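Each chain is listed here by its residues.
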Amino acid sequence: MVRGVEDKVFNAIVYTILVAIGLTAVFPLLFVLSVSITPMAEVLKNGGYIIIPKNITLLAYKQLLGDSSIPRAFMVTLFITVVGTAVNMILTTLMAYPLSRRTLPGRSFFLLLIVLTMLFSGGLIPLYLTVKATGLLNSVWAMIVPSAIGAFNILIMKSFFENLPEELFESARMDGAKEIRILLQIVFPLSIPVMLTIGLFYTVGHWNEFFQAIMFITDRNLHPIQVIVRNFLMQTQNPTENVDVPMPTEAIQMAAVVIACVPIIVVYPFIQKHFTQGMLIGSIKG
């Protein structure tokens, strides 16, 4: 009985801490969403902080979505996210799989080169000159090709492949299967967790693309959503003095943040289980 009471007390403390951490994470999101749909008068009446608005207005979203730059930026971001992630996954898989085979000649040397890229960088100027020399400036490919392969992701995927039973590979080779067939029909179906994990890394990175866009893209028609959101935030720094204006400056800022974040927030819960499993198995060598 005493042990049961202690367990209940311990569980109560743990759940209390988890709820507190959860509220800490949810509060900023709820605040941003609430301000984006709340009139300025109500925001100011509550001292600038509001969680549950009494009045709701969607004028900020209507103005943002009515601007031609927002739908265009969404299409650019969608393109670099889908195509970029596909390129990332193909190249990362084709590089991680050979490196996971201990019989690969020069395996240690190639792994050393990959690790060195995580420690040292050529710098921004050589990167810009390389992109310029390859003719990628002012092209959507400038936001895809320079980040086509991530060294950290290669190591995670390689570790996952190494944990697969070697007997599967030996049996397939005895049946006459070539390496490409082994990769497609054996390795890939067993690697869905790590594939989804690495895919999520790449997808989030492309969706939040900002740095390469401002570095390599000067054509506003090719700016992704994050750059457009930044431009909206820069244009609305001065708060309005008229509290009766139905669409406050803060609402535009918060609505832009919501529009940029919602797609990733919606997708993540569906692959959370695979994400956790892929990170655990892919980062531990058994």
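From a predicted model like this one, the values you see are computed outputs, not experimental measurements.

Peer 1: Tell me about the side chain of Thr77, and name the residues and values.
Peer 2: Take Thr77: it is sitting in helix 4 (residues 69-100). Its relative accessible area of 0% is what places Thr77 among the buried residues. Setting aside anything within four residues of it in sequence, one finds Thr77 in contact with His206, Trp207, Pro224 and Ile225.

Peer 1: Go over the packing of helix 4 against helix 10 (residues 192-207), please, and point to the residues and values.
Peer 2: Relative to each other, helix 4 and helix 10 sit at 145°, their axes nearing to 8 Å. For the crossing formed where helix 4 meets helix 10, the hand is right-handed. Across the interface between the two elements, Phe74, Thr77, Ile80, Thr81, Gly84, Thr85, Asn88, Met89, Thr92 and Thr93 of helix 4 pack against Met195, Ile198, Gly199, Tyr202, Thr203, His206 and Trp207 of helix 10.

Peer 1: Residues and numbers for a nonpolar patch on the surface, please.
Peer 2: Judged by side-chain polarity, Phe109, Phe110, Leu112, Leu113, Val115, Leu116, Met118, Leu119, Phe120 and Phe152 come together as a nonpolar surface patch covering roughly 980 Å² of accessible area. Examining the composition of the nonpolar patch, we find that 8 residues originate from one element, helix 5 (residues 107-119), more than from any other. Along the chain, Met118 falls in helix 5.

Peer 1: Got a sec to walk through the confidence of the model for the protein chain? Specific residues and values, please.
Peer 2: Segments scoring low in pLDDT should not have their predicted coordinates read at a detailed level. Here the protein chain shows a mean pLDDT of 81. Residues at 70 or above account for 87%. Residue range residues 238-248 is modelled with pLDDT below 50. Its contacts to residues more than four positions away, or to other chains, number 20 contacts.

Peer 1: Kindly report on the packing of aromatic side chains, identifying the contributing residues and their values.
Peer 2: According to the stated counting rule, one finds 7 aromatic pairs in the structure shown. Pairing Tyr97 with Phe161 gives two aromatic rings, centres 6.1 Å apart and planes at 75°, and the pair type is edge-to-face. Of the two residues, Tyr97 is situated in helix 4 and Phe161 in helix 7 (residues 151-162); the sequence distance between them amounts to 64 residues. The two residues Tyr97 and Phe161 agree in class, both being buried. Taken together, the ring pairs in this structure connect Tyr97, Phe161 and Phe169 into an aromatic cluster. Between Arg101 and the ring centre of Phe169, over which it is positioned, the NZ or CZ distance is 4.1 Å.

Peer 1: Go over the environment of Val131 with me, naming the residues and quoting the values.
Peer 2: Along the chain, Val131 turns up in helix 6 (residues 124-133). As a C-alpha pair, Val131 and Pro146 span 15 residues in sequence and 7.7 Å in three-dimensional space. Contact partners of Val131, with chain neighbours within four places excluded, come to Leu136, Leu137, Ala142, Pro146 and Phe216.

Peer 1: I'd love a proper account of unusual backbone geometry, names of residues and values included.
Peer 2: Phi is positive for Asn138, close to 55°, though the residue is something other than glycine. Secondary-structure assignment places Asn138 in the loop between helix 6 and helix 7.

Peer 1: Describe the environment of Ile214, and please don't skip the residues or the numbers.
Peer 2: As for its position among the elements, Ile214 is in helix 11 (residues 211-216). A relative accessible area of 40% places Ile214 in the partly exposed class. In sequence terms Ile214 and Pro224 are 10 residues apart; their C-alpha atoms lie 9.7 Å from each other. The residues contacting Ile214, other than those within four sequence positions of it, are Val227 and Arg230.

Calculation rules
- Throughout, a residue's number is its position along its own chain's written sequence, starting from 1.
- The predicted origin of the model limits local features to residues at a pLDDT of at least 70 and limits the giving and counting of side-chain atom pairs to 80 or more, whereas totals for whole chains, interfaces and linings rest on all residues.
- To get the side-chain values, take all heavy atoms of the structure and skip hydrogens and water.
- For the purposes of this entry, the term helix denotes a DSSP run of H or I that reaches at least four residues, the term strand denotes a run of E that reaches at least two, and both are numbered from the N terminus.
- Buried residues are those whose accessible area, probed at 1.4 Å on protein chains only, stays under 20% of the maximum for their type, while exposed residues exceed 50% and partly exposed ones sit between those limits.
- In what follows, residue pairs with any heavy atoms lying within 4.5 Å of each other are defined as contacts.
- Here, axes are lines fitted to C-alpha atoms. For helices the fit covers the stretch in contact, and angles between N-to-C directions go from 0 to 180 degrees.
- Take the far helix as your reference; a near helix turned counterclockwise from it by less than a right angle gives a left-handed crossing, and one turned clockwise gives a right-handed crossing.
- Here, patches come from residues exposed beyond 30% relative accessible area and free of salt bridges, joined within 9 Å for like charges and within 5 Å for nonpolar side chains (Val, Leu, Ile, Met, Phe, Trp, Tyr).
- The protein chains shown are the only cover counted for residues, whose accessible areas, like all others here, come from Shrake-Rupley with a 1.4 Å probe.
- Any Lys or Arg side-chain nitrogen found within 4 Å of a carboxyl oxygen on Asp or Glu counts as a salt bridge.
- Residue-level confidence of the predictor is summarised by pLDDT, bounded by 0 at the bottom and 100 at the top.
- In summary, the pairing rule links any two rings of Phe, Tyr or Trp, Trp by its six-membered ring, whose centres are within 6.5 Å, and it sorts them by plane angle into stacked for under 30 degrees, edge-to-face for over 60 and tilted for everything else.
- Working rule: Lys NZ or Arg CZ, within 6 Å of ring centre, within 35 degrees of ring normal, means a charge sits over the ring.

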